[in-house]
Amino acid sequence: MDTTVKPQDTDDPATTAPSATGGLQPFLHDAVVTLHAPSLVISRADGQLSGPADGFYHGDRRALSRLTVTAEGIALAPAQGGLHGADRAGFRAVLRGLGETTPDPAVALHRHRSTADGRVKEVFEVTNAGGEHVRFRMTVGAGTDLATMEQVKSGRGAEEAPARVTDADTVGLAWSADDFAVRLTAEPAPDVLQAPTGELSYDVDLTPGASWSVTLTCTAAYTDGDQFPAPPAHRLPWSVPALHSADRRLDRWLQQSLADLERLRLTDRQSPHPARPDQFLAAGAPWFLTLFGRDALWSARMLLPLGTDLAAGTLRTLARRQGAVTDPATEEQPGKILHEVRRATLQIAGRLSLPPVYYGTVDATPLWITLLHDAWRWGMDPTQVEELLPHAEAALGWMGEAAAADGFLKYVDQTGHGLSNQGWKDSDDSIRHGDGRRAHAPIALCEVQAYAYEAARAGAALLRAFGRPGADGWEDWADRLATRFREHFWVTDEKGPYPAVALDGDGQPVDSATSGFGHLLGTGLLDPEESALLAARLTGPDLDAGHGLRTLSSDAVGYNPFGYHVGSIWPHDTAIAVHGLARAGFPDAAASLADGLLAASAAFDARLPELFAGHGTEAGPAPAPYPASCRPQAWAATASVLVLRAALGLEADVPAGTLTVAPTFARNYGPLSVGGLQVDGGRLDVTVAADGSVQVTAPGTLAVHRA
């Protein structure tokens, strides 16, 4: 999911510095982000909105780019700031020297922030805890450039728009452009209001022990409504489990993740029942707060132990937009699942130009099929599953057509201005040979072949269960794919055999070692010996950095610990490997990688980012951030549930009436109890004692198999 500004595709590794007007992508690693999709607020740790990416955003548009507070002639000294959940934050500062008769601070400012759908509220509360009567002027400065998210991400921004004064119910300021309107109100009204500079000043008079506050509320809206609106209140499409373990890092990671996921939810305006719209997860804040096919599918799949409603909503939302025609401009093809949806064409760095609905992804289509199958196995209503089977057949048809040439799913950007890489590692430089050369298209990724194999077998199971033709053919197709994969992808280096990351446009292996190994495990594509080889490679120091898996081996030419897909660590990627290792019978390797993610989660205050740097534990106990990473991000948050599922060894087969609970490394966190998981629409509780014994409470419709 990358629209990061990168050099043109070239075999020359040299790059040039950005031009003076080119701009640089803003950094976010020290930002405080509160969100309630499709809205979010980014600020510094002192609460001020003043940096290149700072602001209040709604629907990929910046409604406020500046919201600062100053006290005339008095220094504000930040003392504390941070999140209070997903949508709230608080910040404290001392007004240095004001009213002080001892070394102790006397006058303090407490800034409370709450973010809601289309609205942010800021309460500035000043308290005098000293013994002196104090007077001072406090000024709040507000402004906006009304920039699009693409402008902000490119580092270009825009000039501030002039504010106009409103005097309807409360005095305030307003800005507007095109179909987007912003209004800022203050209660009480300022003593002095200066427009168009956007300054609201108050003369504050505080006796000892007194306090004073002002509330600013900013609202933002599109005249034609939100593309993907926020969900109705109290309609959460999953259960909220209660986890208690001996490792509080795991508990905190899950708790923070679920809070963030609740605020990443969006709905589909095309849902046939407006009172119960289909929900899905936006990919991440701030850059990708919209519908991404791959991200939404993986996120919903990881959350299946909490229920199937999110999966059903995600599947239907994408099915409504499934490709129906062949359109080279958007890369739409019959049966294909889309990559992303925006309000307008996405222009980046003069090279990328993605249409509002863009289909440039090779993996979303097989992932859609597999999610439908897995949701059915976890208890999705069979009637709802059956309604989606025509879409599954169309998706299978696309897979067969796309792989017709040589049996592999491949991609190539036909437009010249789309994504040059169309797997999950979709930056320009992500697919490299071991000597650093970039692979040329058409490219067949190793993990995509695993997705296709799994999807073909999953599709066959669905077709057979619902009495539709074609199951045998898709099982044969999967078997042939596995044979071809074994013949063409496996290569050997000094450490032994392994699958290349891809085949290039000449059908030659792209021989770098990557975290993609983890996506192959547990899919059925590999035999036990091959799985053992990959388990050993994944736990080697060149891939396992101690905080998770590097996307590219540190032994490879072109490895960069700060590289978006060429050395960084992505939590979801590592979690997929954890789950695959556990399913393939390598619990110790899975546990080691899971422990790395837990260490990283603690370093990031339990809110794991989209990605972070891959220097490894040898460079220090805490990972360095990737400065422009989304945080929170959907599949980084859902990774917590997938790791918990892997630890518990949960596998559901509701159509067959069985539930398997076979803890692999859960005893590492024991005693552990988790209540409020969901399977077959009913409650699932699991307890793992310190001695490894297991207790399970599950719906009576299922026979529970324990290890």
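Structural data are supplied above this passage.
Let me sum up the structure you'll find in this document. Because the structure is predicted, anything quoted here is derived from the model rather than measured.

Conventions and cut-offs
Throughout, residues of each chain are indexed from 1 in the direction in which the sequence is written. Only residues with pLDDT of at least 70 are given local features in this predicted model, and only at 80 or more are side-chain atom pairs given and counted; all residues enter the totals for whole chains, interfaces and linings. Heavy atoms throughout the structure, all of them, feed into the side-chain values; hydrogens and water do not. Helix numbering and strand numbering both begin at the N terminus, where a helix is a DSSP run of H or I of at least 4 residues and a strand a DSSP run of E of at least 2. Burial here depends on accessible area, computed with a 1.4 Å probe over protein chains only, as a share of the maximum for the residue type. Under 20% is buried, over 50% is exposed, and the range in between is partly exposed. We call two residues in contact when some of their heavy atoms are within 4.5 Å. Here, Shrake-Rupley sampling with a 1.4 Å probe gives the accessible areas, and only protein chains in the shown set may cover a residue. Positive: Lys, Arg. Negative: Asp, Glu. His and the chain ends are not part of the count. All charge positions are set by atom: Lys at NZ, Arg at CZ, Asp at CG, Glu at CD. Here, a salt bridge means any side-chain nitrogen of Lys or Arg that lies within 4 Å of a carboxyl oxygen of Asp or Glu. The pairing criterion is simple: DSSP has to find at least two bridges between the two strands. To form a nonpolar core, buried Ala, Val, Leu, Ile, Met, Phe, Trp, Tyr and Cys residues must be joined to one another through side-chain atoms within 4.5 Å. Axis definition: a line fit to C-alpha positions, over the contact stretch in the case of helices; interaxial angles, taken between N-to-C directions, run 0 to 180 degrees.

Topic: the overall build of the chain
Right, so step 1: Summing up its helical and strand segments, the chain has 13 helices and 34 strands in all.
Right, so step 2: By its C-alpha atoms, the chain is 80 × 60 × 55 Å across when sized along the principal axes.
Right, so step 3: Counting the 707 residues in the chain, one finds 60% classified as buried.
Right, so step 4: By sequence separation, contacts in the chain at least 24 residues apart represent 64% of the contacts at least 6 residues apart.
Right, so step 5: When the accessible surface of the chain is split by element, carbon and sulfur atoms take 49% of a total near 25500 Å².
Right, so step 6: Distance between charge centroids for the chain: 3 Å, based on 57 positive and 85 negative side chains.

Considerations on the pattern of salt bridges
Right, so step 1: Per the counting criterion, the structure on display carries 42 salt bridges.
Right, so step 2: Close ionic contact of Arg137 with Asp203 constitutes a salt bridge, the shortest N to O distance being 2.9 Å. Of this pair, Arg137 sits in strand β10 (residues 134-143) while Asp203 sits in strand β15 (residues 199-206); the two residues are 66 residues apart in sequence, bridging distant segments of the chain.
Right, so step 3: Asp203 sits in the partly exposed class, given a relative accessible area of 45%.
Right, so step 4: One salt bridge in this structure joins Lys410 and Asp406, with 2.6 Å as the shortest N-O distance.

Some remarks on the pairing of strand β13 (residues 180-187)
Looking along a regular strand, one sees side chains alternate from face to face of the sheet.
Right, so step 1: As judged from the 6 bridges shared by strand β12 (residues 171-177) and β13, these two strands associate in the antiparallel manner. In the strand pairing of β13, Ala174 is matched with Arg183.
Right, so step 2: Summarising the sheet, β13 and strand β16 (residues 211-222) pair through 8 bridges and their orientation is antiparallel. Residue pairing for β16: Arg183 is matched across the bridge by Thr219.

Structural notes on the nonpolar core
Right, so step 1: In terms of nonpolar packing, the biggest core is built from 172 residues, with Trp368, Leu372, Met399, Ile431, Leu648 and Phe665 touching the most fellow members.
Right, so step 2: In this view, Leu648 contacts Val661, Ala662, Pro663, Ala666, Leu672, Val674, Leu677, Val686 and Val688; residues no more than four positions away in its chain are not counted.

What to know about the sheet that holds β15
Right, so step 1: Within the open sheet, the 4 strands sit side by side as β5-β10-β15-β14. Their pairing is antiparallel. Of all strands in the sheet, those bounded by a partner on one side alone are β5 (66-71) and β14 (192-194). This sheet shows a mean twist of 20° between the axes of neighbouring strands, independent of strand direction.
Right, so step 2: As paired elements, β14 and β15 share 3 bridges and run antiparallel to each other. Within β15, the residue paired with Leu193 across the bridge is Leu200.

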